[in-house]
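Chain by chain, the residues run as shown.
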Amino acid sequence: MERLHVLICAGTGCTSSRSLEIVKKLEEVLPAYHLENEVKIVKTGCFGLCQKGPIMAIYPDKIFYSHVTVDDVDEIVKEHFYKGRPVTRLELTDIDEKTKEKIFDIDQIKFYSKQKRIALRNCGVINPEDIYEYIAKDGYQALGKALTEMTPQEVIDEILKSGLRGRGGGGFPTGRKWQFARNSESDEKYVICNADEGDPGAFMDRSILEGDPHAVLEAMAIAGYAIGAQTGYVYIRAEYPIAVERLKIAISQAKELGLLGNDIFGSGFNFDIEIRLGAGAFVCGEETALIASIEGKRGMPVPRPPFPAVRGVWGKPTIINNVETFANVAQIIYNGADWFTQIGTEGSKGTKVFALGGNVTNTGLVEVPMGTTLREVIYEIGGGCPNHKNFKAVQTGGPSGGCLTEESLDEPIDFDNLVRLGSMMGSGGMIVLDEDSCMVDVARFYMDFIVDESCGKCTPCRVGTKRLLELLNKICAGEGTLETLDELESLSNHIKETALCGLGQTAPNPVLSTMKMFRNEYIAHVLDKRCPAGVCKALLKYTIDPDKCKKCSLCTKQCPVGAISGQVGKTPFVIDPDKCIRCGACMASCRFGAIIRK
Amino acid sequence: MKSLADLQKIREQAQKRVNMREVGNEDYRVVVGMGTCGIAAGARVVLNAFMEGVNHDHLNVIVTQTGCMGSCTLEPMVDIYDKEGRKTTYIKMDAEKVAQVVESHLKNGRTLEMYTVNQR
Ligand SMILES: Cc1cc2nc3c(=O)[nH]c(=O)nc-3n(C[C@H](O)[C@H](O)[C@H](O)COP(=O)(O)O)c2cc1C
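What counts and what doesn't
Residues numbered from 1 in each chain as written. Chains lettered and ligands numbered in written order. Predicted model: local features only at pLDDT ≥ 70, side-chain atom pairs only at ≥ 80, totals over all residues. Heavy atoms only, no water. Helix = DSSP H or I, 4+ residues; strand = E, 2+ residues; numbered from the N terminus. Buried < 20%, exposed > 50% of the residue type's maximum accessible area, 1.4 Å probe, protein only. Contact = heavy atoms within 4.5 Å. Areas by Shrake-Rupley, 256 points an atom, 1.4 Å probe, with all protein chains shown as cover. Rg over C-alpha atoms; globule rule 2.2 N^0.38 Å. Core = buried A, V, L, I, M, F, W, Y, C linked by side-chain atoms within 4.5 Å. Domains from an automatic or database assignment. Disulfide = S-S within 2.5 Å. Near = heavy atom within 4 Å. Polar contact = N/O pair within 3.5 Å; in protein donor to acceptor, adjacent residues only side chain to side chain. Nonpolar A, V, L, I, M, F, W, Y, C, P; charged D, E, K, R; others polar. Salt bridge = Lys/Arg side-chain N within 4 Å of Asp/Glu carboxyl O. Phe/Tyr/Trp six-rings, centres within 6.5 Å; stacked < 30°, edge-to-face > 60°. Lys NZ or Arg CZ within 6 Å of the ring centre and 35° of its normal. Lys, Arg positive; Asp, Glu negative; His and termini not counted. Pairing = 2+ DSSP bridges. Buried area = accessible area lost by both parts, 1.4 Å probe.

Q: Please clarify how the overall build of chain B should be interpreted in this entry.
A: Regarding its fold elements, chain B presents four helices and four strands. Helices and strands in chain B line up, N terminus first, as α-β-α-α-β-β-β-α. Within chain B, the fraction of its 120 residues that count as buried is 48%. For chain B, contacts bridging at least 24 residues in sequence account for 61% of all contacts bridging at least 6. Of the roughly 6100 Å² that chain B leaves accessible, carbon and sulfur atoms contribute 48%.

Given below as structure tokens:
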């Protein structure tokens, strides 16, 4: 008889920190205590706190263990499962600010208490490979309600009323998109789920598919009913093998129970879903390129209109929605639009999932109501910058977005407000940068990505972004002038106006945004030939502080190019700037902090 | 899947399998002391008896365990918490007594005074 459920994250993050070996070890150890029938192991999706993974949750005790290793398994089984004494040293805790006491209750731990989970509600809670666990969580009730109690138009009206906006980056009202597709006359229509997720640092969609694939399938079927489609495609990159596998399992389980297929709920409605693998090109996340890719053509965009809702895949009316957008749909139909509109801000209803990364203590996956401030996400949930470093900026919107500074930290997050402040929501990547980040280098990083990912169809994007990258390289190498900055700005604006698709049109954003917010840093690079953050190698200067130098010669031995000279025990050592290759080996070797980098 | 009623039936069955994770909605929470002395005194039998009783009658009750409860001479000890968090402590339990506690306390809401710590 089952007495304990042990939930272990089997998402990509925790799997790479060996969570599956922990499962194996548990399966070995449990029988030794005759607990194999009392303790059930459940492999789940992401718990969100990836930084502290692998995470293990024990119910009904509601105890969460973090950083669990294979070596901890014996102790956990013996002490906790057998004797009932939780292993305190592994427990996930927080410190109460007032009393300075440890908090064990998971609902009061700040990382979770500020969150509201709608799209992620089942992630880390159910076994994504078991359709019955999804059904236990009211899964497929919304589809049943839509098919048996609502007309297609009523479904669309409910989504319209909910105010749901696309989570893939654009924020377009989902209900309106569905209405266009419904109004298009055609013998065939299609529903596509965009699971390409190409933004560097983003893993929201992957986590949803790994943790709760049925939520997306159910929503796609609802969308099919609403617009009059019988076929759905999930377009997902092959680099997401765990998500692909779980999707396959989910589709076959749903078919087996008749939740996909013909005459679902006896309503006469038929719907099937197929998976289409992408090769992981950023541009294939753009909807027209994605459609081309599904049709077996090169993933290149075409100008819109016509919009996919009028002429999409195979020339038929098609709706394309993001994974997270879909993950909200069944919840809205099941709980009603009025429930959804209570959450969020005036223009942005519901929640948003962010992949929190960069220089932040709690990297991971968080879902917060729209209107939560950046400070709450970065400091209260994220725990701020590690190692007592100062916050410098937060990058949102990935390669299409921008950077926001300290000044914006108390601003509420929603679609319109982030644009007003000079960045954008994007798909949910949120990268925190501390004082050691060089903003020119950050702009260069994104441009480097864009140059790799540009499909090459239109000249502004193919050639223009390459030129932008060259200009940025010039600045980082100390060869830029004030004119370089002007050139950078005017070329950026040209590309924005002339590129064919969203990729090129938004590619200059990281440049323009960092130039606006951190102009002084660009000026320092071109006028003073200095990188204030100490990142751009060519602009760094290593010197030795003669007062601190103990004349030990350790640095000389480490220097690969013989740039350091001096006499042991007699004179302080010096670095020849012409020979120095700025590798930093001397600095790492000095025990007295005598080497200065500026 | 032929109707919404079919799905609701499946849901009902499925919920029983994951109920354990829905902490907070239970009518009672049974906590069995499972320190070394508790186990030696037969706490595992007591734990299993509660599990069986609760499962047999599909009660909305969570059965869990804790370490040593501190009074080794009174083991096996069991705390039962109600929705308001009020605690009743039963002492020197065995399978026979558990069956009675399940029937009286968990099913009918009547404390079995004669087995509680107050009657010592
Ligand atoms: C270069 C580029 C990449 C994109 N990548 C994605 C992506 O990975 N996932 C996604 O959902 N939308 C992506 N989009 C947006 C899609 O074109 C489309 O707007 C979106 O899938 C619509 O779904 P939504 O309304 O639910 O947000 C991208 C757009 C551009 C221009």
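Q: Looking at this model, I keep getting lost on the overall build of chain A. Mind explaining?
A: Looking only at helices and strands, chain A features 24 helices and 20 strands. Here the C-alpha radius of gyration of chain A, 27 Å, is about what a compact globule of 598 residues would show, namely 25 Å. If you line up chain A on its principal axes, its C-alpha atoms span 90 × 65 × 45 Å. Within chain A, the proportion of its 598 residues that are buried is 57%. If you take every contact in chain A between residues at least 6 apart in sequence, the share linking residues at least 24 apart comes to 69%.

Q: Which parts of the structure should I look at to understand the nonpolar core?
A: All names here are of chain A. The biggest cluster of nonpolar side chains holds 76 residues, and the ones touching the most others in it are Y140, W178, I236 and F271. Viewed by domain, this core spans two of them, domain 2 (131-341) and domain 3 (351-434), each represented by three or more residues. By size, the runner-up hydrophobic cluster in this structure holds 42 residues, among which are A289, I475, C476 and L488.

Q: Help me understand the state of the cysteines in this model?
A: Two cysteines, two sulfur atoms, one covalent bond between them: this is a disulfide. Residues and elements named next belong to chain A. Going through the model one piece at a time under the given rule, you end up with zero disulfides over all chains. We note that C549 lacks a disulfide partner, and the nearest cysteine sulfur, in C555, lies 6.3 Å from it. Taking relative accessible area as the criterion, C549 reaches 11% and is therefore assigned buried. Note on C586: no disulfide assigned, nearest cysteine sulfur contributed by C583 at a separation of 6.3 Å. Accessibility expressed as a relative area gives 9% for C586, which makes it buried.

Q: In this structure, what is going on with helix α12 (residues 287-294) of chain A? I would like to understand it.
A: An α-helix turns once per 3.6 residues; consequently, residues spaced three or four apart project the same way. Residues and elements named next belong to chain A. Of all the eight residues making up α12, eight are buried; the element is thus mostly covered by neighbouring parts of the structure. Those residues of α12 that fall on the buried side of the exposure criterion are E287, T288, A289, L290, I291, A292, S293 and I294. If you follow the buried residues of α12, they end up packed against α8 (174-183), β7 (190-195), β8 (231-237), β10 (269-278) and β11 (318-322).

Q: Would you take a moment to explain the site of the ligand for this structure?
A: All names here are of chain A. Not every one of the 18 residues close to the ligand is listed here, only the nearest: G168, E197, N321, N322 and T325. Between N194 and the ligand, the recorded distance is 2.9 Å, taken from a side-chain N or O atom to an oxygen atom. Within the backbone of E197, an N or O atom sits 2.9 Å from an oxygen atom of the ligand. Surface burial for the ligand is 88%, taken as the share of its 610 Å² of free accessible area covered by protein chains. Among the secondary structure elements, those contributing two or more residues to the shell around the ligand are β11 and α20 (502-506). No other element matches the three residues that β11 contributes to the shell around the ligand. A per-class count over the shell around the ligand returns three nonpolar, nine polar and six charged.

Q: Any chance you could explain the pattern of salt bridges here in plain terms?
A: Pairing between side chains of opposite charge can happen when the charged atoms of each approach one another. Residue and element names in this part refer to chain A. A complete count under the given rule lists 41 salt bridges over all chains for this structure. With a shortest N-O distance of 3.3 Å, E411 and R420 are connected by a salt bridge. A relative accessible area of 23% means that E411 is categorised as partly exposed. With a closest N to O distance of 3.9 Å, R519 and E489 form a salt bridge.

Q: I keep staring at the packing of aromatic side chains and nothing clicks. Help me out?
A: Two descriptors summarise a pair of aromatic rings, namely the distance from one centre to the other and the angle between the planes of the rings. Residues and elements named next belong to chain A. On inspection of all chains with the given rule, the structure shows 13 aromatic pairs over all chains. Relative to Y82, the ring of Y33 lies with its centre 5.5 Å away and its plane at 50°, an arrangement referred to as tilted. Of the two residues, Y33 sits in the loop between α2 (19-32) and β2 (39-44) while Y82 sits in helix α3 (residues 73-82), which places them 49 residues apart along the sequence. By relative accessible area, which is 22% here, Y82 ends up partly exposed. With 5.1 Å between their ring centres and 80° between their planes, F445 and Y446 make a pair best called edge-to-face. The partly exposed category is assigned to F445, whose relative accessible area is 46%. We note R206 situated over the ring of Y240; from NZ or CZ to the ring centre the distance is 5.8 Å. Its guanidinium or amino end placed over the ring of F354, K352 lies 5.7 Å from that ring's centre, counting from NZ or CZ.

Q: Would you mind showing me how to read the side chain of E286(A) here?
A: Residues and elements named next belong to chain A. Relative to the elements of secondary structure, E286 occurs in the loop between β10 and α12. Of the side chains with opposite charge, R304 lies nearest to the buried E286, which makes no salt bridge, at 4.5 Å. A distance of 2.6 Å separates a polar atom in the side chain of E286 from a polar atom in the side chain of T288. Within the structure, the side chain of E286 is placed 3.0 Å from the backbone nitrogen of A289, a separation counted as a polar contact. With residues up to four places along the chain from it excluded, the contact list for E286 reads P301, R304 and C501.

Q: Would you mind showing me how to read the pairing of β10(A) here?
A: For a regular strand, side chains alternate in direction, first toward one face of the sheet and then toward the other. All names here are of chain A. Both β8 and β10 contribute to a ladder of seven bridges, which runs parallel. Among the inter-strand pairings, Y233 is bridged to a residue of β10, identified as E274. Alignment of strand β9 (residues 261-264) against β10, held across two bridges, turns out to be antiparallel. Bridging from a neighbouring strand, G261 pairs with F271 of β10. Hairpin remark: β9 followed by β10, antiparallel, with four residues in the connecting loop; positive phi at F265, about 55°.

Q: Mind showing me how you'd approach the environment of N127(A) here?
A: Mapped onto the elements, N127(A) comes out in the loop between α4 (110-113) and α5 (131-136). According to the relative accessible area criterion, N127(A) is buried, its value standing at 19%. Residues N127(A) and G422(A), 295 residues apart in the sequence, show an inter-C-alpha distance of 40 Å. The contact partners of N127(A), leaving out residues within four places of it in the chain, are V42(A), K43(A), E133(A) and R21(B). Side-chain polar atoms of N127(A) contact the backbone nitrogen of E129(A), separated by 2.8 Å.

Q: Got a minute to help me understand the interface of chain A and chain B in this structure?
A: Interfaces are often sized by the amount of accessible area the parts lose when they come together. Counting residues at the interface gives 45 residues for chain A and 33 residues for chain B. Around 3200 Å² of area is buried between chain A and chain B when both sides are counted, 55% of it from carbon and sulfur atoms. Of all residues in chain A, M1(A), R3(A) and P60(A) give up the largest surface area on contact with chain B, accounting jointly for 20% of the area buried on that side. Here chain A is connected to chain B by six salt bridges. Here E22(B) makes a salt bridge to K137(A), at a shortest N to O gap of 2.4 Å. Across the chain A-chain B interface, the total number found is 18 residue pairs in polar contact (both at pLDDT 80 or more). Listed by contribution, the elements that provide at least two residues to the side of chain A that touches chain B are β1 (4-9), β2, α3, α5, α6 (141-149) and β9 of chain A. If one sorts the elements of the side of chain A that touches chain B by residue count, α6(A) sits on top with five residues.

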